[in-house]
Amino acid sequence: MSDTELVLRSTRVITPEGTRPASVAVADGKIAAVQPYDAEVPSGVRLEDLGDDVLLPGLVDTHVHVNDPGRTEWEGFWTATRAAAAGGITTLVDMPLNSLPPTTTVDHLRTKQEVAADKAHIDVGFWGGALPDNVKDLRPLHESGVFGFKAFLSPSGVDEFPHLDQDGLARSLAEIASFGGLLIVHAEDPHHLEAAPQQAGPRYADFLASRPRDAEDTAIAQLIAQAKRLDARVHVLHLSSSDALPLIAQAKAEGVRITVETCPHYLTLTAEEVPDGASEFKCCPPIRESANQDLLWQALADGTIDCVVTDHSPSTADLKTDDFATAWGGISGLQLSLAAVWTAARERGHSLEDVVRWMSARTAELVGLDARKGAIESGRDADFAVLAPDETFTVDPAALQHRNRVTAYAGKTLYGVVKSTWLRGERIVVNGEFTTPKGRLLTHPYALIHPHRQLQKGTCT
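Computed from a prediction, not measured in an experiment: that's the story for all the values here.

Caption draft 1: Quick look at the packing of aromatic side chains. Tallying each qualifying case throughout the model produces eight aromatic pairs. Relative to phenylalanine 161, the ring of phenylalanine 152 lies with its centre 5.9 Å away and its plane at 75°, an arrangement referred to as edge-to-face. Taken individually, phenylalanine 152 and phenylalanine 161 each receive the classification buried, so the pair is uniform in this respect. When the ring of phenylalanine 207 is compared with that of phenylalanine 324, the centres are 5.8 Å apart and the planes differ by 20°; the resulting orientation is stacked. Placement of phenylalanine 207 in helix H6 (residues 204-210) and of phenylalanine 324 in the loop between strand S14 (307-308) and helix H11 (337-347) is noted, with a sequence separation of 117 residues between them.

Caption draft 2: Quick look at the side chain of aspartate 189. In this structure, aspartate 189 sits in the loop between strand S11 (182-186) and helix H5 (190-195). Arginine 211 is the oppositely charged side chain nearest to the buried, salt-bridge-free aspartate 189, at an N-O distance of 11 Å. In contact with aspartate 189, not counting residues within four places along its chain, are Ala215, Thr218, Ala219 and Gln222.

Caption draft 3: Quick look at the pairing of strand S17 (residues 426-430). Looking at chain direction, strand S16 (residues 413-423) and S17 are connected through four bridges and run antiparallel. The residue of S17 that forms the bridge with threonine 421 is valine 429. Between the antiparallel neighbours S16 and S17 lie two residues, among them arginine 424 with a positive phi of about 50°. Examined bridge by bridge, S17 and strand S18 (residues 433-434) share two bridges and lie antiparallel to one another. Across the sheet, the residue bridging to valine 429 is phenylalanine 434, located in S18. Between the antiparallel neighbours S17 and S18 lie two residues, among them asparagine 431 with a positive phi of about 50°.

Caption draft 4: Region of the structure containing the sheet that holds strand S6 (residues 59-64). Read across the open sheet, the three strands follow the order S6-S7-S8; overall the sheet is parallel. Both outer strands of the open sheet, S6 and strand S8 (123-126), are each paired with one neighbouring strand and no more. Neighbour-to-neighbour, the strand axes of the sheet open up by a mean angle of 20°, direction not taken into account. Across four bridges, the pairing between S6 and strand S7 (residues 89-94) is parallel. Across the sheet, the residue bridging to aspartate 61 is leucine 92, located in S7. Its contacts with the sheet put helix H1 (residues 77-86) on S7 and S8, and the angle it makes with S7 is roughly 140°.

Criteria and cut-off values
Residues numbered from 1 in each chain as written. Predicted model: local features only at pLDDT ≥ 70, side-chain atom pairs only at ≥ 80, totals over all residues. Heavy atoms only, no water. Phe/Tyr/Trp six-rings, centres within 6.5 Å; stacked < 30°, edge-to-face > 60°. Buried < 20%, exposed > 50% of the residue type's maximum accessible area, 1.4 Å probe, protein only. Helix = DSSP H or I, 4+ residues; strand = E, 2+ residues; numbered from the N terminus. Lys, Arg positive; Asp, Glu negative; His and termini not counted. Salt bridge = Lys/Arg side-chain N within 4 Å of Asp/Glu carboxyl O. Contact = heavy atoms within 4.5 Å. Pairing = 2+ DSSP bridges. Axes fitted to C-alpha atoms, helices over the stretch in contact; angles between N-to-C directions.

These figures capture arrangement, not role.
Structure (structure tokens):
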């Protein structure tokens, strides 16, 4: 303990063994020890006494659209990572779209990394993309450090990122399985979407009918069959249809290597409350009915759904028109995700430990960062959020840090005020005040044994 530089003390520290009073010693950016609450602090070591505020591991959000470069007017690394830090998120993994270029070749990955390097307030990793014509690029991207590959099974909404048909899915998944990679999938079947009624206008009920549950259910069934055939590892993105849960549970029981995420908006917002014309609520797949939401919560509790991520997908305000058919589909949730999920979880009898498991431990495990992130225990990065879980705030769009301050949570009162956020033992935001960017660019562990493939020294870890 002679190298300890900092001790964070709280009556409520969330550890893998539970919540307890503790003093957390930090040395060289790592957690050196989790000690008894009243452990003696070495002479000269800085003590931060957090009182009864909860010390929890920084959240790991593995589904974020930063859109930088190319569509930086929608979002950017500077604004996205500030919003994340303000919400207690200390690590994010950036989606391969809607940036220009998309992260579908090694050169495009390098472009993305170079743009992010000096703008990241938190640690940032990258997904690659699986397209119909880039199977040859998948292994090089894997060796260059992407955490896995994103694919759409229906049109993505941007021309530069076409979807995979079933033959394309089989080719990409076979290649990814050959090197032990992970395919993460937007699972909606295009044929079901084409057959659904398409009605333009402001009525949310019309939009909901255009994205039926069976589109998700069919695509997930097809994905499960492919994963089972190839013994491949797959992950279902942003699950909204509770009808798919029995399929997923059965696949897991049969040993299929499948994990599943859902999002704060599916757990906290319902179709019944969406006003007509309010396209800040539009996302794909859509926010569904309250009875569907109840089943998603049940699946989180029993482990059928593994984790909760934001799918932060912003755009400029002018693209959020009152026509649900043409408005951009995406919900901005980085800064509010912890509070939104905690507010709903506490109402349903879940603990803050549950929220940490869904939004930090399991997301870190998903991308192979669980030796470094996702828990308060010796040897992990000293990434923390300090939360006042019983304090409330009312969502004011003007107080949000993401670039376009459009939010489906405007005016809602939420529990859980993030008092400060810490990255590798340094406080990066406190009471809305930020330090200079201190985030690092992360690569998949495979890339760590290939230093010649990485960026210049200091930009990747």
